[in-house]
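Single-letter residue listing:
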Amino acid sequence: MTKRITHHTILGLVEDDKVPFNWNGQTLYGSSRDSLTSALLANDVRILRRHEKDGKPRGLYCNIGHCSECRVTVDGRRNQRACMTPLEENMTVESQDMLPYLTEGGKRDV
Amino acid sequence: MFDTIIIGSGPAGLSAAGILKDGQNVLIIDEYYHPGGRLLGQLYEEEKDVWWNGQEIADSLFGDVKEAVAFRPSTSVINIEKDAHFTIHTTRGTFESYNVIVATGAREKSFPLPGWDLPGVMTVGAAQVLTNFQRVAPGDRGVIIGMNPLSLVIALELGYADIEVAKICLPPDNPLNEQSPVDAFETLLALGGLAPSKFIASASRLGAKLPLSHKAAVKLFPKSGVNAMGLPISIREKVTRINGREQVESVTVHEVDSKGRILPKKSRTIPCDFVCISDGLAPLSEICSLLNMKHVYIESLGGYVPLHDNRMRTEIENLYVAGNITGIENAKVAMLQGELAASQIIGDEANSRTTLEKINHERYYAKVKFHPELTRGKEQLESLWLEYMK
Ligand SMILES: Cc1cc2nc3c(=O)[nH]c(=O)nc-3n(C[C@H](O)[C@H](O)[C@H](O)COP(=O)(O)OP(=O)(O)OC[C@H]3O[C@@H](n4cnc5c(N)ncnc54)[C@H](O)[C@@H]3O)c2cc1C
Ligand code: FES
């Protein structure tokens, strides 16, 4: 289900999506005006990462680069702000997961 | 070496570039991938059938300068140093200039409440950019928490895109939140006189129907809210938590008494798939802080602003500020402030004077006003400046 607003009463029409990119191994399509947050949301993807410490799901929050909640791995580079990254053809985007225990039997807040 | 580096390509930065472009070697730096700053997404009816379309304005301001100045998008300024000239460190290299205009704009404030970290919770500004710039719906059905000019304007914008707003409510009580039903009611009334859209007219009518004191009026406010201009506003209800397992599924709202105290037994659940939190705007001034510049706290300007005079000069020679970093106002004021800072740089006193007059005029007649005491805040700032520079 796409969340793209193709028809808007005041802003008019926009073209359909056609920029392919890879999200966690799956091919999705976005538009040339998209950031990674909007391209993923257009594909109904809200969960961008799991919190490093408790594994809780996180998504975009401010969408303009201020909060860093939207961190993803882009073409192998970790912790890129998805909302500040413009979608490019064939980009590889991956969600980030909980960090492993650092010490045996240790707590995550070590 | 550039004559001037402008940090921020919002309305202030782009308008400054428009003045400087013919005589100077100018670089504009912005961390976003498209010029325009917070113009991108703005959309409201200024008068009947006259729309303020922020992206169109951004594209035209940028179109005017793009051949004549250097522009570096997707580049964040991370440090700044000053000796004989300025050195600007960014995520994509270091640049030098004789003058700097800091036009970094504003950030949105939020209040925490249980469940606010769930995917699907976002600021109203995030919903604005998604809906009007990127053209992606933040969800099918949303709840907005917080009542201020920005959240109400954006609620209308969601409506233009046929996205349902199920409720606009007050935030819950905690040491950081203090919007009472009376405050919210006053916000609605103030908007009635000032703001641009049709909402205003309905909100004013609402005020007219409730002529008593504001406190008494709040008591009369229907518990389930009113429907003003299609906006389902509740000032007698507060959202107490956001619910969902992996993403937003609903919010829990509690009824409150006229003082804003929660009535524990009176709650209900509103299903929704997104939530917008809005606690107003604050100037974004880290870059001035990096230079250890003096800041002053002025509530009506949105919080801490770098000390500056009404010509955009700061305590650091050749460093100017413009736009929302000087206090929260609309984009038209920001554009004029950019022109003023640029006129100061090229020593155009005549243009500075006329621009200053235009700023005062726009401030007075502004369609979008963020704080009723703004003019007093600006006066306070001016006297603090004079005292500091003595
Ligand atoms: C979320 C949001 C929504 C708003 N909606 C409205 C509205 O609907 N109507 C209205 O009248 N006003 C609105 N405003 C107020 C808005 O701030 C002004 O209208 C106007 O855009 C301010 O212009 P500016 O040039 O000062 O800053 P901005 O338009 O905010 O532009 C600042 C630019 O600086 C860039 N920047 C900041 N820091 C750095 C850095 N370190 N390195 C590189 N670049 C940087 C940003 O990416 C941004 O593009 C909104 C503000 C916000 C924050
Ligand atoms: S959503 Fe806030 S930085 Fe990306």
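Please read all numbers here as calculations on a predicted model, not as lab measurements.

Visitor: Quick question: what am I supposed to make of the overall build of chain A here?
Guide: On a plain count of helices and strands, chain A comes out with 1 helix and 9 strands. Ordered by position from the N terminus, the helices and strands of chain A form the series β-β-β-β-α-β-β-β-β-β. By the burial criterion, 36% of the 110 residues in chain A qualify as buried. Across chain A, contacts joining residues at least 24 apart in sequence account for 43% of those joining residues at least 6 apart.

Visitor: Please explain the overall build of chain B as it appears in this structure.
Guide: Looking only at helices and strands, chain B has 11 helices and 21 strands in total. Per-residue burial over chain B gives 51% buried out of 390 residues. Taking as baseline every contact in chain B between residues at least 6 positions apart, the subset at least 24 positions apart corresponds to 64%.

Visitor: Please explain the sheet that holds strand S3 (residues 19-23) of chain A as it appears in this structure.
Guide: Each strand in a sheet pairs with another by means of backbone hydrogen bonds, the pair being arranged parallel or else antiparallel. Residues and elements named next belong to chain A. Strand order in the open sheet formed by 5 strands is S4-S3-S9-S7-S8, and the pairing between neighbours is mixed. The two strands at the open ends of the sheet, each matched to only one other strand, are strand S4 (26-30) and strand S8 (77-81). When strand polarity is set aside, the average angle formed by the axes of neighbouring strands in this sheet is 40 degrees. Two elements, strand S7 (residues 71-74) and S8, share 3 bridges in a ladder whose sense is antiparallel. Each bridged residue has a counterpart across the sheet, and for Val 72 the counterpart in S8 is Gln 80.

Visitor: Sorry, what's going on with the pairing of strand S3 (residues 43-47) of chain B here?
Guide: Successive side chains on a regular strand alternate, one facing one side of the sheet and the next facing the other. Residue and element names in this part refer to chain B. Pairing of S3 with strand S4 (residues 50-53) involves 4 bridges; the strand directions are antiparallel. Opposite Glu 47, over in S4, you have Val 50 as the bridge partner. Following S3, the chain reverses through 2 residues before pairing antiparallel with S4; Asp 49 in that reversal takes a positive phi of roughly 65 degrees.

Visitor: Which parts of the structure should I look at to understand the interface of chain B and chain A?
Guide: A common way to report how large an interface is uses the accessible area buried once the components associate. In this assembly, 26 residues from chain B lie in contact with 29 residues from chain A. Put simply, the parts of the chain that give the side of chain B that touches chain A at least two residues each are strand S9 (106-108), strand S10 (121-123) and helix H3 (124-134) of chain B. Partitioning the side of chain B that touches chain A into residue classes produces 13 nonpolar, 7 polar and 6 charged.

Visitor: Can you help me understand the nonpolar core in this one?
Guide: Generally speaking, nonpolar side chains in soluble globular proteins are found buried as a group. Residue and element names in this part refer to chain B. Counting residues in hydrophobic clusters, the biggest one holds 121 residues, and the most contacted among them are Ala 16, Val 102, Val 275 and Ala 322. Among the elements that line this core, the one with the most residues is helix H9 (residues 331-345), at 9 residues. No fewer than three residues from each of domain 1 (2-107 + 281-389) and domain 2 (110-277) sit in this core. Not counting chain neighbours up to four residues away, the residues in contact with Val 102 comprise Ile 7, Ile 287, Cys 288, Leu 319, Val 321 and Ile 325.

Visitor: Teacher, can you tell me more about the site of ligand 1 here?
Guide: All names here are of chain B. Residues in close proximity to ligand 1 total 36 residues, the closest being Gly 10, Gly 37, Gly 105, Gly 125 and Gly 323. Among the elements of the structure, helix H1 (11-20), S9, H3, helix H4 (149-160) and H9 are those that each provide at least two residues to the shell around ligand 1. Split by residue class, the shell around ligand 1 holds 17 nonpolar, 14 polar and 5 charged.

Visitor: Where do I start with the packing of H1(B) against helix H2 (residues 54-65) of chain B in this structure?
Guide: Packed helices, taken two at a time, are described by the angle their axes make and the gap between the axes. Residues and elements named next belong to chain B. Packing of H1 against H2 leaves a shortest axis separation of 9 Å and a crossing angle of 30 degrees. One element, H1, and the other, H2, form an angle in the roughly parallel class. In this structure, H1 meets H2 at a crossing whose hand is left-handed. Between H1 and H2, the residues in contact are Pro 11, Leu 14, Ser 15, Ala 17 and Gly 18 and Leu 61, Phe 62, Asp 64 and Val 65, respectively. Along the lines of polarity and charge, the residues of the contact of H1 with H2 split into 6 nonpolar, 2 polar and 1 charged.

Visitor: How should the pairing of strand S17 (residues 274-277) of chain B be read in this particular structure?
Guide: Residues and elements named next belong to chain B. Side-chain alternation along S17 places Phe 274 and Cys 276 on one buried face and Val 275 and Ile 277 on a second face that is also buried. When S10 meets S17, the two strands line up parallel, connected through 3 bridges. The partner of Val 121 across the bridge, within S17, is Val 275. Of the pairings in the sheet, the one linking strand S11 (residues 141-145) to S17 comprises 4 bridges and is parallel in character. Within S17, the residue paired with Val 143 across the bridge is Val 275.

Visitor: Teacher, can you tell me more about the environment of B:Glu81 here?
Guide: As for its placement among the helices and strands, B:Glu81 is situated in strand S6 (residues 77-82). It is 39 Å that separates the C-alpha atoms of B:Glu81 and B:Leu118, two residues lying 37 residues apart in sequence.

Visitor: Looking at this structure, how should I read H4(B)?
Guide: Residues separated by three or four positions in an α-helix point in the same direction, a consequence of the helix having 3.6 residues per turn. All names here are of chain B. Its 12 residues give H4 an end-to-end C-alpha distance of 17 Å, which sits within 8% of 16 Å, the value for a rise of 1.5 Å per residue. In terms of burial, H4 is a largely internal element, 10 of the 12 residues being buried. Of all the residues in H4, the buried ones are Pro 149, Leu 150, Ser 151, Leu 152, Val 153, Ile 154, Ala 155, Leu 156, Glu 157 and Leu 158. In the stretch just after H4, Asp 162 is the one whose phi turns positive, near 60 degrees.

Rules used in this analysis
- Residues numbered from 1 in each chain as written.
- Chains lettered and ligands numbered in written order.
- Predicted model: local features only at pLDDT ≥ 70, side-chain atom pairs only at ≥ 80, totals over all residues.
- Helix = DSSP H or I, 4+ residues; strand = E, 2+ residues; numbered from the N terminus.
- Buried ≥ 20, exposed ≤ 12 C-beta atoms within 10 Å, placed from the backbone.
- Contact = placed C-beta atoms within 7 Å.
- Pairing = 2+ DSSP bridges.
- Axes fitted to C-alpha atoms, helices over the stretch in contact; angles between N-to-C directions.
- Nonpolar A, V, L, I, M, F, W, Y, C, P; charged D, E, K, R; others polar.
- Core = buried A, V, L, I, M, F, W, Y, C linked by C-beta atoms within 7 Å.
- Domains from an automatic or database assignment.
- Near = placed C-beta within 6 Å.
- Parallel < 35°, antiparallel > 145°, perpendicular 65-115°, else oblique.
- Left-handed = near helix turned anticlockwise from the far one by under 90°.
- Expected span 1.5 Å × (residues − 1).

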